[in-house]
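Each chain is listed here by its residues.
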Amino acid sequence: MFRFISTEKLKERAIINGNVDNKLLLPIIDECQEFYILPLLGTQLYNEIGSQLPSSLTVDNKKLLDDYIIPCLVKYVQYEAPIYLNYKFTNANVSTKNTDESAPIDMATSSRLMDMFKDKAEWYGERIVRYLCANRSVYPLYCVSNNSDDIKPSDTAYDCGIYLD
């Protein structure tokens, strides 16, 4: 499994404290890549960039990764992280962690925070879609599907939650 961003780079670019355990962040990064970035790029382009990591990225793929994919991925991780980081799954139960110096925020505040990050992530995702559409000749694997298992890229990053035929 390849990752478009390391936990160290994520912590540099996000409002995630440096003391957050990397083992908690890695599954969030993996999930966000597959749930949000893969549908924006499509299987073929996603796999091409992944196969070139970490050191053999083409100039065009490096630009796409650094200027478009990573900013979007950071926001999606920030969108997903609050729930995963606030709740601990153990053998006995699901619980929240509390310390003497801090307390978890309430669910309404958490929801507003997550909505803010989702809005920003979708905005960055839309930048990816527009950039790729404007540069189809540079990214020939964008919109290419070699088999039925391939995920074709979405034509928008926004999710309105309502199906409008």
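In the block above lies the structure referred to throughout.
Okay, so let's go over this structure. Worth saying up front: this structure is predicted, and the values here are computed from it rather than measured.

Description of unusual backbone geometry
No. 1: Across the junction of Leu 53 and Pro 54, the peptide omega takes the value 0°, indicating a cis bond.
No. 2: Within the element layout of this structure, Pro 54 appears in the loop between α3 (43-52) and α4 (59-86).
No. 3: The backbone of Cys 143 shows a phi angle near 75°, a positive value even though the residue is not glycine.
No. 4: Relative to the elements of secondary structure, Cys 143 occurs in the segment after α5 (107-134).
No. 5: Note on Cys 143: relative accessible area 42%, which makes it partly exposed.

Points about the side chain of Glu 126
No. 1: Tracing the backbone shows Glu 126 in helix α5.
No. 2: Apart from the residues within four sequence positions on either side, Glu 126 is in contact with Thr 156, Ala 157 and Tyr 158.

Concerning the environment of Leu 113
No. 1: Turning to its location among the elements, Leu 113 is positioned in helix α5.
No. 2: According to the relative accessible area criterion, Leu 113 is partly exposed, its value standing at 29%.
No. 3: Between the C-alpha atoms of Leu 113 and Pro 82, which are 31 residues apart in sequence, the distance is 8.6 Å.

Brief notes about the packing of aromatic side chains
No. 1: For the structure shown, the criterion picks out 8 aromatic pairs.
No. 2: Ring geometry for Tyr 36 against Tyr 79: centres 6.3 Å apart, planes inclined by 70°, an arrangement best described as edge-to-face. With Tyr 36 in helix α2 (residues 22-41) and Tyr 79 in helix α4, the pair connects residues that are 43 residues apart, well separated along the chain. Tyr 79 matches Tyr 36 in its accessibility class, with the two residues each being buried.
No. 3: Here a set of aromatic residues connected by ring pairs shows up, and it is made of Phe 2, Phe 4 and Tyr 46.

Some points on the environment of Asp 155
No. 1: Position of Asp 155 relative to the elements: it lies in the segment after α5.
No. 2: Spatially, the C-alpha atoms of Asp 155 and Leu 40 are 7.7 Å apart, while their sequence positions differ by 115 residues.

Comments concerning the side chain of Gln 33
No. 1: For Gln 33, the location among the structural elements is in helix α2.
No. 2: With near-sequence residues (within four places) excluded, Gln 33 lies in contact with Met 1, Phe 2, Arg 3, Phe 4, Ile 5, Leu 38, Tyr 46 and Leu 73.

Notes on the packing of α3 against α4
No. 1: The contact between α3 and α4 brings their axes to 10 Å, and the two run at 105°. The pairing of α3 with α4 is recorded here as roughly perpendicular in orientation. Taking contact as the criterion, the partners of Leu 45, Glu 48, Ile 49 and Gln 52 in α3 are, on α4, Asn 61, Leu 64 and Ile 69.
No. 2: Considered class by class, the residues forming the contact of α3 with α4 number 4 nonpolar, 2 polar and 1 charged.

A few points about α3
No. 1: With 7 of its 10 residues buried, α3 lies for the most part within the structure.
No. 2: Considered for burial, the residues of α3 that qualify are Thr 43, Gln 44, Leu 45, Tyr 46, Ile 49, Gly 50 and Gln 52.
No. 3: Next to the buried residues of α3 lie α2, α4 and α5.

Observations regarding the packing of α2 against α4
No. 1: Between α2 and α4, the least distance of the axes is 8 Å, while the angle of their chain directions is 125°. Taken together, α2 and α4 sit at an angle that is classed as oblique. Classified by chirality, the crossing of α4 by α2 is right-handed. For the pair α2 and α4, contact is made by Leu 24, Ile 28, Ile 29, Glu 31, Cys 32, Gln 33, Tyr 36, Ile 37, Leu 40 and Leu 41 and by Leu 64, Ile 69, Cys 72, Leu 73, Tyr 76, Val 77, Tyr 79, Glu 80, Ala 81, Tyr 84 and Leu 85, respectively.
No. 2: Across the contact of α2 with α4, the residue classes break down as 18 nonpolar, 1 polar and 2 charged.

About the criteria used
- Residues numbered from 1 in each chain as written.
- Predicted model: local features only at pLDDT ≥ 70, side-chain atom pairs only at ≥ 80, totals over all residues.
- Heavy atoms only, no water.
- Helix = DSSP H or I, 4+ residues; strand = E, 2+ residues; numbered from the N terminus.
- Buried < 20%, exposed > 50% of the residue type's maximum accessible area, 1.4 Å probe, protein only.
- Contact = heavy atoms within 4.5 Å.
- Phe/Tyr/Trp six-rings, centres within 6.5 Å; stacked < 30°, edge-to-face > 60°.
- Axes fitted to C-alpha atoms, helices over the stretch in contact; angles between N-to-C directions.
- Parallel < 35°, antiparallel > 145°, perpendicular 65-115°, else oblique.
- Nonpolar A, V, L, I, M, F, W, Y, C, P; charged D, E, K, R; others polar.
- Left-handed = near helix turned anticlockwise from the far one by under 90°.

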